[in-house]
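Coordinate analysis (summary)
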Amino acid sequence: MVDLLQKLREFFVTPDFEECKKILCIQPHPDDADISMGATVSKLSEKGIKVYYLTVTDGGAGSKNQEIIGPRLSQLRKQEQQQAAQILGVHELIWLDFEDLGDYTVEQVRAKTVEYIRKIRPDIVFTVDPFLDYEVHPDHIKTGMAASQATSLYRLPKLYPGSTDHEVKAIAFFNTAHPNTFYEIEQRHFEKKLMAISQHKSQFDEKALKILSLYLSERSKHDGKLIEPFKVLPPTMLHVMPEAIKF
Ligand SMILES: [Zn+2]
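Residues numbered from 1 in each chain as written. Predicted model: local features only at pLDDT ≥ 70, side-chain atom pairs only at ≥ 80, totals over all residues. Heavy atoms only, no water.

**Considering the overall build of the protein**
Scanning the protein from terminus to terminus reveals seven helices and eight strands. Each principal axis of the C-alpha atoms in the protein carries an extent, and together these give about 55 × 45 × 35 Å. A burial count over the protein gives 51% of its 247 residues as buried. Within the protein, contacts between residues separated by at least 24 positions form 81% of all contacts whose residues are at least 6 apart in sequence. In the structure as shown, the protein presents an accessible area of about 12,500 Å², 53% of it carried by carbon and sulfur atoms. Across the protein, 31 positive and 35 negative side-chain charges occur, with their mean positions spaced 3 Å apart. (Helix = DSSP H or I, 4+ residues; strand = E, 2+ residues; numbered from the N terminus. Buried < 20%, exposed > 50% of the residue type's maximum accessible area, 1.4 Å probe, protein only. Contact = heavy atoms within 4.5 Å. Areas by Shrake-Rupley, 256 points an atom, 1.4 Å probe, with all protein chains shown as cover. Lys, Arg positive; Asp, Glu negative; His and termini not counted. Charge placed at Lys NZ, Arg CZ, Asp CG, Glu CD.)

See below:
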């Protein structure tokens with residue numbers, strides 16, 4: 001198995017993040033990418049790489065307060081995401097506006113995602129890991145699955161009319177239990193990420209922000225370095241490849 005993995009790694013080479021011209025980050029809610037890969041976004045945008053955020057839901061369910069949920073919260077969260085994106089240097093925000101915690105399907109999100117992959121032509125698609133053990137949030141499971149399927153199947157006209165000559169070179173999962181890539185960041189990128197997260201005031205009060213900062217600070221330590229972890233796979237490995245989990 002080790003030999004086979006070695007051979008697969010030689011055969012399927014994924015690009016370094018910094019070799020990319022454009023990346024597409026597909027998130028369930030406004031705040032997920034900032035929390036899980038905000039420092040990476042900050043560093044890559046600083047290097048001139050165009051970072052696109054595609055947010056699947058409208059964020060309208062993210063509160064325990066019955067008074068605010070729905071369009072009002074959705075509008076507020078879009079403003080928060082806008083401010084956070086400005087701090088991190090995100091090039092463009094795209095909203096699919098599916099209802100947060102709604103009954104939309106993976107297939108619906110997949111079709112829209114294929115459309116945007118063909119339009120934006122990203123080198124790498126980033127998204128939440130839908131294979132995370134114990135992940136129960138339906139928006140996260142559906143978004144990760146739709147983004148993965150789209151990244152595997154975006155050339156097929158059955159899913160979205162037309163065709164493309166573009167090749168997505170890798171998919172990178174964040175919030176993953178099987179990281180194979182530890183992208184090194186600097187303290188200033190981490191600080192910017194925290195500043196971006198603090199814009200999501202509807203989601204985090206001061207106490208929650210403090211706990212999240214401590215958690216993320218621990219999670220970003222690896223081998224004496226400051227990092228953000230990802231599981232990076234060549235799109236080919238998203239189908240009939242039992243080796244993908246160890247890749
Ligand atoms: Zn989320």
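**Brief notes about empty space enclosed by the protein**
A probe matching the size of a water molecule, rolled over the atoms, marks out where space remains unfilled. Across all of its chains, the model carries one cavity of 30 Å³ or more by this definition. Its boundaries defined by the atoms lining it, the largest cavity holds a volume of some 60 Å³. Ile35, Ser36, Lys193, Leu216, Arg219, Ser220, Ile227, Glu228 and Pro229 are the residues that line the largest cavity. Breaking the lining of the largest cavity down by element, the ones donating at least two residues are helix H2 (32–46), helix H7 (206–219) and strand S8 (225–233). (1 Å grid on protein atoms, 1.4 Å probe; cavity = no way out; pocket = protein on both sides within 12 Å on 5 of 7 lines; lining within 4 Å. Points joined across faces, edges and corners; volume = space filled by probe spheres on them.)

**A short note on the coordination of the zinc ion**
Any two of four tetrahedral donors ideally make an angle of 109.5 degrees at the metal, while pairs among six octahedral donors ideally make 90 or 180 degrees. Within the first shell, the zinc ion binds the protein through His29 (ND1), Asp32 (OD), Asp32 (OD) and His140 (NE2), at distances of 2.1 to 2.4 Å. Angles of 54 to 141° at the metal separate the four donor atoms of the zinc ion, which places the site in the irregular class. Read in sequence order, the donor residues coordinating the zinc ion give the pattern H-x2-D-x107-H. With a gap of 108 residues between them, Asp32 in helix H2 and His140 in helix H5 (residues 138–153) connect regions that are remote in the sequence. On the basis of relative accessible area, Asp32 is assigned to the buried category, the value being 10%. (Donors = N, O, S within 2.8 Å, 3.2 Å for Na, K, Ca; no water. Tetrahedral: all angles 85-135°; square planar, octahedral: opposite > 155°, others 65-115°.)

**Considerations on the environment of Lys169**
Residue placement: Lys169 occurs in the loop between H5 and strand S5 (170–174). When near neighbours in sequence (up to four residues on either side) are disregarded, Lys169 contacts Thr14, Pro15, Asp123, Pro234 and Pro235.

**Some remarks on the side chain of Thr57**
Counting through the fold element by element, Thr57 comes out in strand S2 (residues 50–57). Only 2.8 Å separates the side chain of Thr57 from the backbone oxygen of Pro28, close enough to count as a polar contact. From its side chain, Thr57 meets the backbone nitrogen of Gly59 in a polar contact 3.3 Å long. When residues no more than four places from it in sequence are discounted, the contact partners of Thr57 are Pro28, His29, Pro30, Trp95, Asp97, Phe98, Glu99, Asp100, Tyr104 and Asp139. (Polar contact = N/O pair within 3.5 Å; in protein donor to acceptor, adjacent residues only side chain to side chain.)

**Quick word on unusual backbone geometry**
Leaving glycine out, the prevailing phi sign among residues is negative, and the prevailing peptide bond configuration is trans. The backbone of Asp31 sits at a positive phi, close to 140°, despite the residue not being glycine. Along the polypeptide, Asp31 turns up in the loop between strand S1 (22–27) and H2. Of note, Asp223 is a non-glycine position whose phi angle comes to about 55°, a positive value. Residue position: Asp223 is located in the loop between strand S7 (221–222) and S8.

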